[in-house]
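# Commentary on secondary and tertiary structure
The lines below spell out each chain.
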Amino acid sequence: MTEQANEVDFPAPEQMRLSRWFPAPPALLWRFWTDPDQIVRWFGPVGADQRKVEADLRVGGAWGVDFQAYGGLRRVRGEYLELDEPHRLVSTWAWLDDYGVKGVESQYELALTGEGDGVRLILTDTLPTAELKSQHGQGWAGSMQSLADYVAEQNAA
Amino acid sequence: MEYALDNLSQTFSALADPTRRAILQQLTQGGASFTDLARPHQISRPAVVKHIKALEKSGLVERTGSATRPVYQLSAAALREPVDWLSNYQQFWDSSLDRLDDYVREVTEQKGGKA
């Protein structure tokens, strides 16, 4: 079976949105996304290993994932802000540094919508820049791509 | 995976405006004079000056050349931070969702007997 790639776009300068279709009902994706015993199976960047997950699934409840990656312990923490099983979840997101100090919080929103025989998952990451939230940049994706290309060229040079 | 988000949010503020993003895109083609930068925009010269100053302040654009004939250039170093933030998050989720997809298929194929 061919791997289905994520579709990525930038709805606003401080936002990144990923979209992907899964061959399963929304309820299954919801469980995989929120149950610690399931989260350990998939969470993390390339090479992530030895995951430990805790999740208190209620509004205001905390969750956390520890894992090994990039040659060290990585820890991410969050708090559930909205839970609408099995359709929508909003949570904060922050990395802990080596001393356990929480970095600045971003937010993500998970949306699960039935589509065909499966579910469309849309994940939106938002940077904590409140003054930007009202401004929806037109043509942002194109600009971001050309700027990313420019940085890559400069790195190569 | 940790970033100086204060700097980063300043950079994103500079990037939030469509005219400023257009100016940055012009500069990906190389250094340009004020006249070159102002030409494609349907706004007053003082407005263009304001945008260029905002970009200079954010560090995204650097001024070289003489005081009377300045040349504006993109700073790849200042751009790297927002580009890295986005690409790191993208990489994180690409990898997570790939694994999630494998797991979903493993479970549904066992249960549903679709294979």
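As the structure is a computational prediction, the values presented were derived from the model and not from experiment.

Check the secondary structure of chain B and you find five helices and three strands. Listing the helices and strands of chain B from first to last along the sequence gives α-α-β-α-α-β-β-α. Buried residues in chain B amount to 47% of all 115 residues.

This part is about the nonpolar core. Counting residues in hydrophobic clusters, the biggest one holds 62 residues, and the most contacted among them are Leu29(A), Trp33(A), Phe43(A), Trp93(A), Leu121(A), Trp93(B) and Leu100(B). Top element by residues in this core is helix α5 (residues 76-112) of chain B. It accounts for 13 residues. Residues in contact with Trp93(A), not counting those within four places in the same chain, are Phe43(A), Trp63(A), Val76(A), Arg77(A), Val104(A), Glu105(A), Ser106(A), Tyr108(A), Tyr89(B), Phe92(B) and Trp93(B).

All names here are of chain A. According to the stated counting rule, one finds 13 salt bridges over all chains in the structure shown. The partner of Glu 7 in a salt bridge is Arg 120, and the shortest N-O contact between them spans 3.9 Å. Linking Glu 7 in strand β1 (residues 7-9) with Arg 120 in strand β8 (residues 118-126), this pair joins segments that are 113 residues apart in sequence. Classification of Arg 120 by relative accessible area gives buried; the value is 14%. A salt bridge links Glu 115 to Arg 120, with the shortest nitrogen-to-oxygen separation between them at 3.0 Å.

Now for the pairing of strand β4 (residues 62-69) of chain A. Residues and elements named next belong to chain A. Most of β4 sits out of view: six of its eight residues are buried. Pairing of strand β3 (residues 49-55) with β4 involves five bridges; the strand directions are antiparallel. Across the sheet, the residue bridging to Val 53 is Val 65, located in β4. Hairpin geometry of β3 and β4 is characterised by an intervening segment of six residues between the two adjacent antiparallel strands and by a positive phi of about 90° at Gly 60. Judged from the eight bridges that link them, β4 and strand β5 (residues 72-84) form a sheet pairing that is antiparallel. Counterpart to Phe 67 in the pairing with β5 is Arg 74. The turn joining β4 and β5, which pair antiparallel and follow one another in sequence, is formed by two residues; a positive phi near 50° is taken by Tyr 70.

A separate point is the packing of aromatic side chains. In total, this model carries 20 aromatic pairs over all chains according to the counting rule given. Taking the centre distance of 5.4 Å and the plane angle of 55° together, the rings of Trp93(A) and Trp93(B) count as tilted. With Trp93(A) in strand β6 (residues 88-96) and Trp93(B) in helix α5, this pair bridges two chains. The burial state of Trp93(A) is the same as that of Trp93(B); both residues are buried.

Tallied over the entire structure, the rule returns one cavity of 30 Å³ or more. Roughly 90 Å³ of internal volume is contained in the largest cavity. Taken together, Trp33(A), Ile39(A), Trp42(A), Phe43(A), Glu54(A), Ala55(A), Trp63(A), Val65(A), Tyr80(A), Trp93(A), Tyr108(A) and Trp93(B) make up the full set of residues lining the largest cavity. Secondary-structure elements contributing two or more residues to the lining of the largest cavity are β3 and β4 of chain A. Residue composition of the lining of the largest cavity, grouped by class: eleven nonpolar, no polar and one charged.

Attention shifts here to helix α4 (residues 45-58) of chain B. Residues and elements named next belong to chain B. If you check α4, its first and last C-alpha atoms are 20 Å apart, about what 14 residues at 1.5 Å a residue would give, namely 20 Å. Those residues of α4 lying buried are Val 48, His 51, Ile 52, Leu 55 and Ser 58. Buried residues along α4 cover an arc of 120° about the axis, so they all sit on one side. Opposite the packed face of α4, turned more than 90 degrees from it, sit the exposed residues Pro 46, Lys 50, Lys 53 and Lys 57. Taken from the residues just after α4, Gly 59 is the one with a positive phi, measuring 85°.

Once that is clear, we can look at the sheet that holds strand β1 (residues 32-33) of chain B. Paired through their backbone hydrogen bonds, the strands of a sheet run either parallel or antiparallel. Residue and element names in this part refer to chain B. Across the sheet, which stays open at both edges, the three strands sit in the order β1-β3-β2 with antiparallel pairing between neighbours. Of all strands in the sheet, those bounded by a partner on one side alone are β1 and β2 (61-65). The pairing of β1 with strand β3 (residues 70-74) spans two bridges and is antiparallel. Bridge pairing in β3 places Ala 32 opposite Tyr 72.

The rules behind these values
Residues numbered from 1 in each chain as written. Chains lettered and ligands numbered in written order. Predicted model: local features only at pLDDT ≥ 70, side-chain atom pairs only at ≥ 80, totals over all residues. Heavy atoms only, no water. Helix = DSSP H or I, 4+ residues; strand = E, 2+ residues; numbered from the N terminus. Buried < 20%, exposed > 50% of the residue type's maximum accessible area, 1.4 Å probe, protein only. Core = buried A, V, L, I, M, F, W, Y, C linked by side-chain atoms within 4.5 Å. Contact = heavy atoms within 4.5 Å. Salt bridge = Lys/Arg side-chain N within 4 Å of Asp/Glu carboxyl O. Pairing = 2+ DSSP bridges. Phe/Tyr/Trp six-rings, centres within 6.5 Å; stacked < 30°, edge-to-face > 60°. 1 Å grid on protein atoms, 1.4 Å probe; cavity = no way out; pocket = protein on both sides within 12 Å on 5 of 7 lines; lining within 4 Å. Points joined across faces, edges and corners; volume = space filled by probe spheres on them. Nonpolar A, V, L, I, M, F, W, Y, C, P; charged D, E, K, R; others polar. Expected span 1.5 Å × (residues − 1). Arc of directions from axis to C-beta.

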